[in-house]
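# Architecture and fold: a report
Read off the chains here:
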Amino acid sequence: MITAKGLYKRYRKTVAVDHLSFDVQPGVVTGFLGPNGSGKSTTMRLMLGLDHGEGQTLFDGESFTDIRRPMNKVGTLLEAKPFHPTRSARNHLRMLASANGIGDKRVDEVMELVGLGTVRRKKPKGYSLGMAQRLGLAQALLGDPRILLLDEPTNGLDPHGIHWMRDMLKHLASEGRTIFVSSHLLSEMQLMADELVVIGRGTMIFNGVVDQFVREFTQSTVIVRSPSADGFATALEGAGAAVTKGKDGELVVSGMEIGAVGHLAFTENVELSELSTRSASLEEAFMSATGSSEEFVAAEPLGKTPAAKTPATKTGGADNA
Amino acid sequence: MLDALRYEWTRLTTLRSTYWLTGIGVLCALAIPVIAGIAVSDQPLDQTTAAAGLNGGAAFGIPFLAVFMAIIGIFATGHEYRHGTIQPTLTALPQRSRLIAAKILVVSAVTVAVTVFSLALNALTLLAFWGDVPGLFEDPLRSALVGYVVYTLIYTLSGLGLGLLFRGVPSALVVIFLAPLIIENLIFGLSFLPAADWLVPVVKFLPFSSGARLMQVDMTEMTVPGMPDFDYFGRWGSGAVFAVFAAVIIAAAWTLFKKRDA
């Protein structure tokens, strides 16, 4: 288990991480989300004592810098390609392993595990980003640790590699390990993570299970198809629901539960050909939650409204979280 | 601490640059007795020539081996930042002081071993040409050779400290080459001018020049008409000036390393 308390980091006038506290539970994959520049990497570096700041992080009750042979307890992957270009991948791992009492046999094992067995004696300067990420994961797994802390591990991986990484992390979590993984690939996180820590501008936006996050930051809508759509729309509005018409003529109903919509159709004697709920995606929830805390906002194409900010305004955004 | 030493040993021995830098340094140092043997082996071998042959010309101001070992020292710390390996290093070995202590110990041991090996190789070369190296195990040649080992070690540790201080390779290389070649020579030259005679007492505190006195066979000062009296320290006093310089750099770099973000 990871327990972070009051993590705080300031770069001159900019507060990068603002008193973050959260727990990462074992047995599940916990995703760490936030827009670019929100302080995810800085938070991870603070947790590992690489950056100096305030607060404390305990890994199964111990501070990282107090752990003797930490790779046997906490595996980390922080930055793509942190390798000396002329040292072979195997020697890179041997070097780190030697500081943690890990033998060469384990080095070869993890290289096979991540699919780099055939290129283990090659120099990482010839590795693609995806291969470098696999080597980074091999590094994290060297000591067979109970806790993994991974910063954007799917960066540069092809779809097959992403699928492999997702399965690997879920498998490791199923063994009771604590997995804390940051990613900007929300669709990936939706498939991978069970719990989320979401930050924006260094402050906590959400900490809990994925479904709760989606529920909290989005509004589910009810889709209705009916031969008497126009008349039923009037009835729905009369009952207090907000109704808009979709591209294919379906009614998109918000502000009313699906059960109530069905009951109204029954009492109004309206024939329905479809009655379903459209759940928001993690991406929509993320945009809604972090829209106002995006640090680097690109200009929108002419004639378009800023996508990130609109939902934030609608739901109250990060400040209300 | 043993883990840290194992780490640093593996780091050093898995880098190709360690081997080619050591090899070039030893070969350059070896070139001096070979050239001397070819050129003047028909003349008797005096102690100054023997010292220059043994230390590979270092006493004449060309410390080949020390320079190459200093680059290894710079790489020991500077490479970690240049290639971003400081992050995996500190996640494998988060106790920063232990890491630096291990780097100093391993690099020092390798430097001393390589320097002694180079001395032995050069001694064999002199023996091959002259058949004898007179006074090899007697003072002042013995002290000059011990001084050479100490000089190379301090030079290397200065490089290690500079690499850590500047968190990179290029700045450290510039300082380690510019300081002895340009800055110290400039101060030494200017001290001859009456208008800059206030520099005279400073000269004996110039670290690299003082360090070079560790390797001298004849410690009496060269006297040239008009030359100021620099009142140099003795062999070990001058060596202490060089050692203090390296210690200050390492202490500053060590302190900053503990305070800075990785």
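Residues numbered from 1 in each chain as written. Chains lettered and ligands numbered in written order. Predicted model: local features only at pLDDT ≥ 70, side-chain atom pairs only at ≥ 80, totals over all residues. Heavy atoms only, no water.

### A closer look at the overall build of chain B
Of the regular secondary structure elements, chain B holds eleven helices and zero strands. Tracing chain B from N to C terminus, the helices and strands come up as α-α-α-α-α-α-α-α-α-α-α. In terms of overall dimensions, chain B is globule-like: its C-alpha atoms have a radius of gyration of 20 Å, near the 18 Å expected for 262 residues. Projected onto its principal axes, the C-alpha coordinates of chain B cover approximately 60 × 50 × 25 Å. Within chain B, the fraction of its 262 residues that count as buried is 53%. Sequence-distant contacts in chain B: of pairs separated by 6 or more residues, those separated by 24 or more amount to 82%. Surface summary for chain B: the accessible area is close to 11200 Å², and the carbon and sulfur share equals 72%. Distance from the positive charge centre (15 side chains) to the negative charge centre (15 side chains) of chain B: 19 Å. (Helix = DSSP H or I, 4+ residues; strand = E, 2+ residues; numbered from the N terminus. Rg over C-alpha atoms; globule rule 2.2 N^0.38 Å. Buried < 20%, exposed > 50% of the residue type's maximum accessible area, 1.4 Å probe, protein only. Contact = heavy atoms within 4.5 Å. Areas by Shrake-Rupley, 256 points an atom, 1.4 Å probe, with all protein chains shown as cover. Lys, Arg positive; Asp, Glu negative; His and termini not counted. Charge placed at Lys NZ, Arg CZ, Asp CG, Glu CD.)

### Digging into the overall build of chain A
Helix and strand content of chain A: eleven helices and 14 strands. Per-residue burial over chain A gives 51% buried out of 321 residues. Restricting the contact set of chain A to residue pairs at least 6 apart, pairs at least 24 apart contribute 67%. Roughly 14600 Å² of accessible area belongs to chain A as shown, and the carbon and sulfur atoms make up 49% of that amount.

### A few points about the interface of chain B and chain A
One widely used convention gives an interface's size as the accessible area the parts lose upon coming together. Chain B puts 27 residues into the contact, and the matching count from chain A is 37 residues. Between chain B and chain A, a total of about 2600 Å² is buried, with carbon and sulfur atoms accounting for 53% of that surface. Run the count over chain B and chain A and you get 18 residue pairs in polar contact (both at pLDDT 80 or more). Secondary structure elements with two or more residues in the side of chain B that touches chain A: helix H1 (2–13), helix H5 (86–92) and helix H11 (235–259) of chain B. With six residues, H5(B) is the largest single contributor of residues to the side of chain B that touches chain A. Among the residues forming the side of chain B that touches chain A, the class breakdown is eight nonpolar, ten polar and nine charged. (Buried area = accessible area lost by both parts, 1.4 Å probe. Polar contact = N/O pair within 3.5 Å; in protein donor to acceptor, adjacent residues only side chain to side chain. Nonpolar A, V, L, I, M, F, W, Y, C, P; charged D, E, K, R; others polar.)

### Some thoughts on the pattern of salt bridges
Here the structure, examined in full by the defined rule, presents 21 salt bridges over all chains. A salt bridge links Arg177(A) to Asp144(A), with the shortest nitrogen-to-oxygen separation between them at 2.9 Å. Here Asp144(A) lies in the loop between helix H4 (129–141) and strand S7 (147–151) and Arg177(A) lies in the loop between helix H5 (159–174) and strand S8 (178–182), a separation of 33 residues in the sequence. Where Glu80(B) meets Lys103(B), a salt bridge forms, and the shortest distance between an N and an O atom there is 2.9 Å. In this pair, Glu80(B) sits in helix H4 (residues 64–82) while Lys103(B) sits in helix H6 (residues 96–130), placing the two residues 23 residues apart along the sequence. A single salt-bridge network, built from bridges that share partners, covers Arg68(A), Arg69(A), Asp3(B) and Arg6(B). (Salt bridge = Lys/Arg side-chain N within 4 Å of Asp/Glu carboxyl O.)

### A word on the environment of Arg121(A)
All names here are of chain A. Within the fold, Arg121 resides in the loop between helix H3 (104–113) and H4. Here the alpha-carbon distance between Arg121 and Leu93, two residues 28 residues apart in the chain, equals 11 Å. If we ignore the near neighbours within four places in the chain, the residues touching Arg121 are Ser88 and Arg90.

### Points about unusual backbone geometry
Residue Pro140(B) is reached from Asp139(B) by a cis peptide bond, and omega for that bond is 5°. Mapped onto the fold, Pro140(B) is located in the loop between H6 and helix H7 (141–166). Of note, Glu152(A) is a non-glycine position whose phi angle comes to about 50°, a positive value. Turning to its location among the elements, Glu152(A) is positioned in the loop between S7 and H5. Given the relative accessible area of 14%, Glu152(A) is considered buried. The phi torsion at Asn269(A) lies on the positive side, around 60°, for a residue other than glycine. Within the secondary structure, Asn269(A) is located in the loop between helix H9 (258–267) and strand S14 (274–278). Residue classification places Asn269(A) among the exposed residues on the basis of a relative accessible area of 72%.

### Comments concerning a nonpolar patch on the surface
On the surface, Val174(B), Leu178(B), Leu181(B), Ile182(B) and Ile183(B) cluster together into a nonpolar patch covering about 450 Å² of accessible area. Mapped onto the secondary structure, Leu181(B) falls in helix H8 (residues 170–190). (Patch = residues over 30% accessible without salt bridge, like charges linked within 9 Å, V, L, I, M, F, W, Y side chains within 5 Å.)

### Let's talk about the packing of aromatic side chains
Residue and element names in this part refer to chain B. Evaluation of the coordinates by the stated rule reveals 16 aromatic pairs over all chains. Grouped by ring-pair contacts, the aromatic residues Tyr151, Tyr155, Phe208, Phe242 and Phe245 constitute a single cluster. If you follow Arg96 out to its NZ or CZ, it ends over the ring of Phe257, 5.5 Å from the centre. Here the basic side chain of Lys204 rests over the ring of Phe233, its NZ or CZ set 4.7 Å away from the ring centre. (Phe/Tyr/Trp six-rings, centres within 6.5 Å; stacked < 30°, edge-to-face > 60°. Lys NZ or Arg CZ within 6 Å of the ring centre and 35° of its normal.)

### Description of the environment of Ala58(B)
All names here are of chain B. Its location among the elements puts Ala58 in the loop between helix H3 (47–54) and H4. A residue is classified by how much of its surface remains accessible, and Ala58, at 3% relative accessible area, is buried. Taking the C-alpha atoms as reference, Ala58 lies 9.5 Å from Tyr151; in sequence the two are 93 residues apart. Sequence-distant contacts of Ala58, defined by excluding residues within four places in its chain, comprise Pro63, Tyr148 and Met215.

### A look at the sheet that holds strand S4 (residues 54–59) of chain A
All names here are of chain A. Spatial strand order, S2-S1-S4-S5: four strands in an open sheet with antiparallel pairing. In this open sheet, the two strands that pair with only one neighbour each are strand S2 (14–24) and strand S5 (62–63). For strand S1 (residues 2–11) and S2, the ladder comprises seven bridges, and the chain directions are antiparallel. Bridging across to S2, Lys9 finds its partner in Val17. This element, helix H1 (residues 40–47), spans S1, S2 and S4 of the sheet and lies at about 115° to S1. (Pairing = 2+ DSSP bridges. Axes fitted to C-alpha atoms, helices over the stretch in contact; angles between N-to-C directions.)

### What to know about the UniProt feature "transmembrane region" (unreviewed entry) in chain B
Residue and element names in this part refer to chain B. UniProt annotation of "transmembrane region" (unreviewed entry) refers to residues 20–40, 60–78, 99–125, 145–166, 173–196 and 236–257 when read in the numbering used here. Helix makes up 100% of residues 99–125 and strand 0%. Its end C-alpha atoms lie 39 Å apart. This span, residues 173–196, is 75% helix and 0% strand, and a straight line between its end C-alpha atoms measures 29 Å. (UniProt positions renumbered as here; feature names shortened; annotations may be inferred.)

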